Amino acid sequence: MRPEVVAELCGLERFASAGKGRGLRALRRFAVGELLFSCPAYTAVLTASERGSHCDGCFARKEGLSKCGRCKQAFYCNVECQKEDWPMHKLECSAMCAFGQNWNPSETVRLTARILAKQVNCNGFTIEDEELSHLGSAIFPDVALMNHSCCPNVIVTYKGTLAEVRAVKEIEPGEEVFTSYIDLLYPTEDRNNRLRDSYFFDCDCEECVTKEKDKDKLKICKLNDPPSAEAVRDMIKYARNVIEEFRRAKHYKSPSELLEICELSLDKMGAVFENSNVYMLHMMYQAMGVCLYVQDWEGALRYGQKIIRPYSKHYPPYSLNVASMWLKLGRLYMALENRPAGVKALKKAIAIMEVAHGKDHPYISEIKKELEDH
């Protein structure tokens, strides 16, 4: 297949990537932090929990949003945003009027209806804020051209409903542009299980072939009598099961019950795994989330302090997961009146985000304002 140079993707071309189908390839050098391209959403839906705090049209976070005059359930920055969103919102407005607060189809259903209305079929993306909280779902056709690697050279961030793709490694002419479809914290087997389940392929990137990070990610306690290989395998199986158990339990158990699952599993796994083991980190992160939910700031901070260093080691450079953790820690320190630690943590978050999001991103301006206000 002859490569296709795409005008709107300056310096890039579509091409047939061996064993992967279509892909994107660089035609010139891109420096770390450089914007490769941006892509407005073909269509998008704001998640229900953010209704009223974010614009349904552009996803901007602001106060004083105006309600749709008919259904009273969609909120907009101004008349322009409302008019622009009306061709899609009118698909839902009548149902919202009829069913009121009982109208609650899933995001997938809403997004599918909008895709069908526009007669397109392509990959969907989750839009997240600076702390990786879910804002909504959207369709970005050009972003969907990129293939997956567990050693990505670009990262996708969002400015409202605009996707932006920036280099996180130097990219030379002729190199394929790779993003990551999954959370890269986990070892090779887990990552490929996720890729098979969700995307129906195995990854053959350098990291998956060499598995060089797996030993650190699955670090075992240093003991005089080290656990047997069978004991380690059994604990890995237990860890995977408890992660799945917790995922299901979040839908019906109380915060105290969820925290108990975390604490009991951490105690059990800690007999075999180091704190830097990714399964320990996973349950610490869940425990931190529960603490944040119940506003136990000290508890959340204790877990976050244990997580951040291993995160920085296990994740690739300029990881949004690492930036998000520094940001959470910074805000916790500030809330607990430890300004020096808070400033240090927030500056670490900004350093990563300036590469991943671009220096002019509104999230960075908001964090800098937090520093000024404290």
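Given the structure is predicted, the values throughout are model-derived calculations rather than measurements. (Residues numbered from 1 in each chain as written. Predicted model: local features only at pLDDT ≥ 70, side-chain atom pairs only at ≥ 80, totals over all residues. Heavy atoms only, no water.)

Tallying secondary structure elements over the chain gives twelve helices and 13 strands in all. Compactness check: the chain gives a C-alpha radius of gyration of 22 Å against a globular reference of 21 Å for 374 residues, within 12% of the reference. With respect to the principal axes defined by its C-alpha atoms, the chain has extents near 70 × 50 × 40 Å. Taking all 374 residues of the chain together, the buried fraction comes to 46%. Put simply, 58% of the contacts in the chain that link residues at least 6 apart link residues at least 24 apart. With an accessible surface of roughly 19,200 Å², the chain has 50% of that area assigned to carbon and sulfur atoms. (Helix = DSSP H or I, 4+ residues; strand = E, 2+ residues; numbered from the N terminus. Rg over C-alpha atoms; globule rule 2.2 N^0.38 Å. Buried < 20%, exposed > 50% of the residue type's maximum accessible area, 1.4 Å probe, protein only. Contact = heavy atoms within 4.5 Å. Areas by Shrake-Rupley, 256 points an atom, 1.4 Å probe, with all protein chains shown as cover.)

Here we take up the confidence of the model for the chain. Across the chain, the average pLDDT comes to 91, with 97% of residues at or above 70. A low-confidence stretch, residues 1-7 (pLDDT under 50), is modelled with twelve contacts involving residues beyond four sequence positions or located in other chains. (pLDDT = per-residue confidence, 0-100.)

The next subject is the packing of aromatic side chains. Under the criterion given, the structure shown has eight aromatic pairs. Aromatic side chains Tyr 285 and Tyr 311 sit 6.5 Å apart centroid to centroid with 25° between the ring planes, which places their arrangement in the stacked category. One end of the pair, Tyr 285, is in helix 8 (residues 278-293); the other, Tyr 311, is in helix 9 (residues 297-314), with 26 residues separating them in the sequence. By relative accessible area, which is 4% here, Tyr 311 ends up buried. Geometrically, the ring pair formed by Tyr 311 and Tyr 315 is edge-to-face, given 5.1 Å between the ring centres and 80° between the ring planes. (Phe/Tyr/Trp six-rings, centres within 6.5 Å; stacked < 30°, edge-to-face > 60°.)

With that settled, the discussion passes to the environment of Val 278. For Val 278, the position within the fold is in helix 8. Sequence spacing of Val 278 and Leu 185 is 93 residues, and the spatial spacing of their C-alpha atoms is 6.8 Å. Once you skip the residues sitting within four places of it in the chain, Val 278 turns out to touch Leu 185, Tyr 186, Pro 187, Lys 217, Leu 218 and His 314.

On to the sheet that holds strand 11 (residues 154-159), then. The three strands are arranged 4-12-11 in an open sheet whose pairing can be described as antiparallel. Each having just a single partner strand, strand 4 (35-40) and strand 11 make up the two edges of the open sheet. Strand-to-strand twist in this sheet, taken as the mean axis angle between neighbours without regard to direction, amounts to 20°. Two strands pair when backbone bridges link them, and strand 4 and strand 12 (residues 162-167) are joined in this way by five bridges, in the antiparallel orientation. Paired with Ser 38 across the bridge in strand 12 is Glu 164. (Pairing = 2+ DSSP bridges. Axes fitted to C-alpha atoms, helices over the stretch in contact; angles between N-to-C directions.)

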